[in-house]
Number of protein chains: 4
Amino acid sequence: MKVSTLSLRISVILVFFLCFISSPNLSFAQQTHRFQPTKYYFTYDGKHEPVLKLEPGDILITTTVDAFGNKVSRQDQRASELVHLPEVNHQTGPFYVEGAEPGDTLVLQLLNVRPNRDYAVSTHLPHFGVLTGETYTAMLTEPLPERTYVWKLDLTRNLATLDLPESKLGKAEIPLHPFLGTVGVAPAFGEAVLSLTPAEHGGNMDCVETKAGTTVYLPVFVEGGLFMFGDVHAAQGDGEICGVGLETTADVTIKVDVIKGKKINWPRLEDETYIMVAGSTRPLIDAFRIAHTEMVRWLAADYGFDKWEAFQVLSQVGTARVGNVVDPRYTVVAKFPKKYLG
Amino acid sequence: MKVSTLSLRISVILVFFLCFISSPNLSFAQQTHRFQPTKYYFTYDGKHEPVLKLEPGDILITTTVDAFGNKVSRQDQRASELVHLPEVNHQTGPFYVEGAEPGDTLVLQLLNVRPNRDYAVSTHLPHFGVLTGETYTAMLTEPLPERTYVWKLDLTRNLATLDLPESKLGKAEIPLHPFLGTVGVAPAFGEAVLSLTPAEHGGNMDCVETKAGTTVYLPVFVEGGLFMFGDVHAAQGDGEICGVGLETTADVTIKVDVIKGKKINWPRLEDETYIMVAGSTRPLIDAFRIAHTEMVRWLAADYGFDKWEAFQVLSQVGTARVGNVVDPRYTVVAKFPKKYLG
Amino acid sequence: MKVSTLSLRISVILVFFLCFISSPNLSFAQQTHRFQPTKYYFTYDGKHEPVLKLEPGDILITTTVDAFGNKVSRQDQRASELVHLPEVNHQTGPFYVEGAEPGDTLVLQLLNVRPNRDYAVSTHLPHFGVLTGETYTAMLTEPLPERTYVWKLDLTRNLATLDLPESKLGKAEIPLHPFLGTVGVAPAFGEAVLSLTPAEHGGNMDCVETKAGTTVYLPVFVEGGLFMFGDVHAAQGDGEICGVGLETTADVTIKVDVIKGKKINWPRLEDETYIMVAGSTRPLIDAFRIAHTEMVRWLAADYGFDKWEAFQVLSQVGTARVGNVVDPRYTVVAKFPKKYLG
Amino acid sequence: MKVSTLSLRISVILVFFLCFISSPNLSFAQQTHRFQPTKYYFTYDGKHEPVLKLEPGDILITTTVDAFGNKVSRQDQRASELVHLPEVNHQTGPFYVEGAEPGDTLVLQLLNVRPNRDYAVSTHLPHFGVLTGETYTAMLTEPLPERTYVWKLDLTRNLATLDLPESKLGKAEIPLHPFLGTVGVAPAFGEAVLSLTPAEHGGNMDCVETKAGTTVYLPVFVEGGLFMFGDVHAAQGDGEICGVGLETTADVTIKVDVIKGKKINWPRLEDETYIMVAGSTRPLIDAFRIAHTEMVRWLAADYGFDKWEAFQVLSQVGTARVGNVVDPRYTVVAKFPKKYLG
């Protein structure tokens, strides 16, 4: 009896031990890292030195500055004078994840994305945005009038308020739904991509879904993945049509993981309700096509769907969310409700 | 006293009378018309003879056939063999509204859009849809395999069910959200537009918002407006990516009105929660631009917004819904929450 | 001898007779019609009454007015005040061709397209053209400044001259290369299309290749074809970027024919050097795709090419010409040199 | 007399001397560099070490390998198996030009671009090209069949010949018009761009105009400019529709210069007949817009044109050439005839 009790105990310990070492998501020493950024990057680039190395399973607690580097805070300031390319959309990072190799998938569980100051800034910039001639949709038209709008943030009540002196209403009061405007990894093939531009590596998708509660899956293109993020918006409409959301500083908490040997082509997202794919390119219809072909392939590869049945069901239950239509590439998110995944 | 009582009564009567005659929305003889269509149109065209004349304030109760003219009901049938252009997307109408003149706005209050049979059909058609080469995005590629999917409709439980024999799940069961895939008026400038194509006159927007509870505002381009509708979908995902929703027959009830002297450029929608604009063209980004410029102008013209403040607030609270990305023109709906209208 | 001479004569006559009746291009009574238009159409529409009936082989000599209906002739006039939709791009016709039926190809041999007055007009119109926000690429920008430019035409020297008072050069003197900006047939499926819009039926392609010496092949969609034309440009750059060429009146001579049972999908052109296909839609890349897929199919169907070898050779020797990028649909012409046809 | 002769001589010498030192294009020590590349780059990147430093006025004589790194030479080989991203479109360089600083313009006079072997290769690659679903215009369609076509080059007769065993013609024989498919500088803002992608820095424009006799002007974004080139095509049709021209190795001779303080936004070209601007982006219409807005600005800034008169004249005499419609960004070249520059 004693012997068998002992052997039972040993077995239990062994089973636990085996579980631990075989689990890619756990380690004996899961760590929480508090990181205070001192410099920011403006390109996603595999050649940047990582600012910190993390193990899969680690938690990162850090902060982001706003897309203007906190330089614009008053209505009488002009972003076009204070902020110059490439020094916009400051990224915190890059962070190196041990064991992440090209062909793997990096997992970023967004635990917290929370504004940490009492205002946010939006602007109408000359020759920027979707309803004006801009760098690529080049026109001979004059720019729209430049404006700076400073929204008050009430973090307790979760509200943003803007005075509208020229309008009958007097003011707008809207709920916050903060998210990372930009999150991504170092790009493939030795490319370096401006922090203004979304693509296969993620980047400036300006997609309202990269919020606390969402898990972001990114393709790993270089050793360590080298993820970065920033550009928190306290709120933003679909498409970010004027080109600028409610830009603010934020506290960000992310749990990091790696799925070994899992290759994805474009960023994927998951929250309680949806699985999602973010496609980024111009023109808009092609961003839409990327997101939806990838979703069909995902449903077929991972959820037991026949390809054409996946296409049929997605055609009937899918929703699409327009991320940005103002950056050098646009973003569309295809969403499939998890309740139809069985 | 008596005199004053009498004069009071007379005053009250007079006030009511004046209200009645001054109200554009009421008439002494509001009628409910039950109309059974016997033929269907495949173009929106000011030259079509109206099938019925309505007064502003009248209610129309009628039916629609499905987009294939009810010709496809079994999985082994091929729509490509049974249905041929232009005889798809059968429209009920056109209905003439007394007093509607070019430069007015036609108001269609959708009171009921309800499937009335126990199945709906969707198909994958050769060279149709957004993820394949098609008429305008012409490719040298082979077509996708043709498929016919027959969904069972349970109108009591408001559910559609599809067997998925090739997939692990076995079947999909989804809620119905029926809507008019197509609704519009005769186009401007003597044009006649296929019932497959959305544009300024409305038409085949395939937009999930044209459902019971929504009011549709359409620009009047010809005497009487000559509105038509059809192509009811029991359900559909954003973009209708395979090109075909859950096509079914339906009962439709619409209350008709006219806003005299109110000129709009593109269809507008309103439900309990949103005001909306539907822009339709290719490429997709231009449908998006149309919907959002019109929304800015609408906010400025009718809701007391300064133009640039409207642009700023829409940039932060607007949502966008992709109607179709498969028809000869695509549709995007810009949505502004009514709670921010004051 | 006599008998045999007689029989020879009879034989010769018989052979000629058989040639005549078997030739689709000849008739005993080839006629030349001189037609003076008294009204003009603004839509391509199968419901229009033809102004004249022609036999295959007939020659039509007629005239066109300019795209503004000859209403703008002075620099101080504003087209935006004098000309209103749909009354622009006045079309001469429609002409009915005996024997032309849906599924046939109409052949228009352009024998003469010659300006017949001493000036041409171009304008910069508010919200029109490719380098400004316009109806479909809708923007919140202000329009470009309106301008009217009156070019002097020297028909003897084949030159157009414009004073450039604001520029160092003082004036521009350019050669004429007159062509039909618009030429087409009644559209398919009962549609009616504005004379501003090119599509499968031809229409406002604004393509410099529809000049004297070119043969235009158009798909026949209705009995008689019902072809029309107009909008002669004395000269125009690729894309017609400001939206308006050197608009002028012209003498036009066209020889008409029909190819029975030959079905084409899009307009085809042929001159001494090239066979060409004109694809018209938005976005521009899709007009490009249409023109080039049709060209591959044409090479394979009519010129003995294997499909993939046609694709390869077209990839190396094809040239592409941008017709218009300002109309509701854009036009691209794919060109294949006839010297590689064997 | 003697004195005056002497002073004349001195004057002449002085004038020559002043000419020399005042000429930005000449130096006392103009050098010709013969450079044999030993490695190739696949990104345009300011971080790459230059392989050679040149002075303004120097001449560079070097060679390029073909876009497949010379790995494909037989019809039975499959590029999809032999060549893998990023190792395509091998670039010779980068070359550092002394004195070239951000804000300057680099001048590359293409003196010689000459194939130097007796064959060229073209292929139809799976999911590549404009008439098939590809990475960004993503589709669910199957790829086109892969093909390898080996063209014989006769450099004496300046002809390329391809056997067409499947076609009636038997073979195609076409003249060579060799050009640099790719030429550019290191990009702005720390970006690194794949050698497959054209943009502001030039790169893979696949534009038939970058041939011997053309001068290429490129914006300098980093110290020394760091120009590279490669991807010589012996011939190519507009748009390079299958995605691959007549890929071959070549001898290249370039004269280098710098225009100090001259800032341009996009590549400019000049040959005997035209000044040109190359705009590169997706969608195609925006590449067209970039090229034409830049051309209007160039005409106004450097050639004494009023902006609106430049717009008018360009609208009437400009031609447009489609470079590539297959790379991650497309290219359009706007051309203005030099004879209208005064």
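What comes next concerns the included structure.

Cut-offs applied
Residues numbered from 1 in each chain as written. Chains lettered and ligands numbered in written order. Predicted model: local features only at pLDDT ≥ 70, side-chain atom pairs only at ≥ 80, totals over all residues. Heavy atoms only, no water. Contact = heavy atoms within 4.5 Å. Buried area = accessible area lost by both parts, 1.4 Å probe. Salt bridge = Lys/Arg side-chain N within 4 Å of Asp/Glu carboxyl O. Polar contact = N/O pair within 3.5 Å; in protein donor to acceptor, adjacent residues only side chain to side chain. Helix = DSSP H or I, 4+ residues; strand = E, 2+ residues; numbered from the N terminus. Nonpolar A, V, L, I, M, F, W, Y, C, P; charged D, E, K, R; others polar. Axes fitted to C-alpha atoms, helices over the stretch in contact; angles between N-to-C directions. Parallel < 35°, antiparallel > 145°, perpendicular 65-115°, else oblique. Left-handed = near helix turned anticlockwise from the far one by under 90°. Least-squares fit on C-alpha atoms with pLDDT ≥ 70 in both. Pairing = 2+ DSSP bridges. Core = buried A, V, L, I, M, F, W, Y, C linked by side-chain atoms within 4.5 Å. Buried < 20%, exposed > 50% of the residue type's maximum accessible area, 1.4 Å probe, protein only.

## A closer look at the interface of chain A and chain B
Listed per partner, the contact involves 61 residues of chain A and 61 residues of chain B. Summed over both partners, the interface of chain A with chain B buries about 5300 Å², with 67% contributed by carbon and sulfur atoms. Sorting the residues of chain A by area buried against chain B places Trp308(A), Glu309(A) and Gln316(A) first, and these three jointly supply 13% of that buried surface. Summed over the shared surface of chain A and chain B, the result is 0 salt bridges. For the pair chain A and chain B, the interface holds 32 residue pairs in polar contact (both at pLDDT 80 or more). Breaking the side of chain A that touches chain B down by element, the ones donating at least two residues are strand E7 (119-124), strand E8 (147-154), strand E9 (159-164), strand E10 (170-175), helix H3 (284-302), helix H4 (307-317) and strand E19 (319-322) of chain A. The element contributing the most residues to the side of chain A that touches chain B is H4(A), with 9 residues. For the side of chain A that touches chain B, the residue count by class is 34 nonpolar, 17 polar and 10 charged.

## Comments concerning the packing of helix H3 (residues 284-302) of chain B against helix H4 (residues 307-317) of chain B
Residues and elements named next belong to chain B. Where H3 contacts H4, the axes come no closer than 9 Å and their chain directions differ by 125 degrees. Judged by the inter-axis angle, H3 sits oblique to H4. By crossing handedness, the relation of H3 to H4 is classed as right-handed. Of the residues in H4, those in contact with His 292, Met 295, Val 296, Leu 299 and Ala 300 of H3 are Lys 307, Ala 310, Phe 311 and Leu 314.

## Description of the interface of chain C and chain B
Put simply, an interface is often sized by how much accessible area is lost when its parts join up. Listed by partner, the interface residues are 33 residues for chain C and 33 residues for chain B. Between chain C and chain B the total buried area reaches about 2900 Å² when both faces are included, carbon and sulfur atoms providing 60% of it. When the area that chain C buries against chain B is broken down by residue, the three leading residues are Tyr136(C), Leu140(C) and Phe189(C), summing to 27%. Between chain C and chain B we count 2 salt bridges in total. Put simply, Asp45(C) and Lys47(B) hold a salt bridge, and the shortest N to O gap is 2.5 Å. Remark: the boundary between chain C and chain B carries 11 residue pairs in polar contact (both at pLDDT 80 or more). Going through the elements one at a time, strand E2 (43-45), strand E12 (192-194), helix H3 (284-302) and helix H4 (307-317) of chain C are the ones with two or more residues in the side of chain C that touches chain B. When residues of the side of chain C that touches chain B are assigned to their parent elements, the largest contribution, 6 residues, is made by H3(C). Here the side of chain C that touches chain B is built from residues that sort into 16 nonpolar, 7 polar and 10 charged.

## Some thoughts on the relation of the copies chain C and chain B
Superposing chain C onto chain B requires a rotation of 180 degrees together with a translation of 0.0 Å along the rotation axis, leaving an RMSD of 0.0 Å. What the rotation and shift describe, once combined, is the action of a two-fold rotation axis. Measuring from the rotation axis to each C-alpha of chain C, the shortest distance belongs to Ala192(C), at 2.2 Å. Both copies share a contact surface, since 100% of the interface residues of chain C are interface residues in chain B too.

## Quick word on the environment of Lys335(A)
Residue and element names in this part refer to chain A. Its location among the elements puts Lys 335 in strand E20 (residues 330-337). Expressed as a C-alpha distance, the spacing of Lys 335 and Trp 266, which sit 69 residues apart in the sequence, is 14 Å. In this structure Lys 335 touches Glu 209, Tyr 274, Ile 275, Met 276, Met 295, Leu 314, Val 317, Gly 318, Thr 319 and Arg 321, once residues within four positions along its chain are discounted. At 2.8 Å, the side chain of Lys 335 forms a polar contact with the side chain of Glu 209.

## Digging into the sheet that holds strand E18 (residues 274-281) of chain B
All names here are of chain B. Read from one edge to the other, the open sheet built from 9 strands follows the order E1-E4-E16-E6-E14-E17-E18-E20-E19, with strand pairing classed as mixed. Looking at which strands have only one partner, the edges of the open sheet turn out to be strand E1 (32-34) and strand E19 (319-322). Within this sheet the neighbouring strands show an average axis-to-axis angle of 25 degrees, counted without direction. The sheet contact formed by strand E4 (residues 59-64) and strand E16 (residues 250-259) spans 6 bridges and is antiparallel. Residue Thr 62 lies in a different strand from E16, and its bridge partner there is Val 252.

## Points about the nonpolar core
Core analysis: the biggest nonpolar cluster contains 126 residues, and Phe336(C) and Phe336(D) have the highest contact counts within it. Counting 125 residues, the second largest nonpolar core, distinct from the first, contains Val244(A), Val332(A), Leu131(B) and Cys242(B).

## Some thoughts on the pairing of strand E20 (residues 330-337) of chain B
Residue and element names in this part refer to chain B. Of all 8 residues that make up E20, 8 are buried, and the element is covered over most of its length. Along E20, one buried face is formed by Tyr 330, Val 332, Ala 334 and Phe 336 and the opposite face, lined by Thr 331, Val 333, Lys 335 and Pro 337, is buried too. Of the strand pairs in this sheet, E18 and E20 are connected by 8 bridges, and their pairing is antiparallel. Bridged to Ile 275 within E20 is Phe 336.

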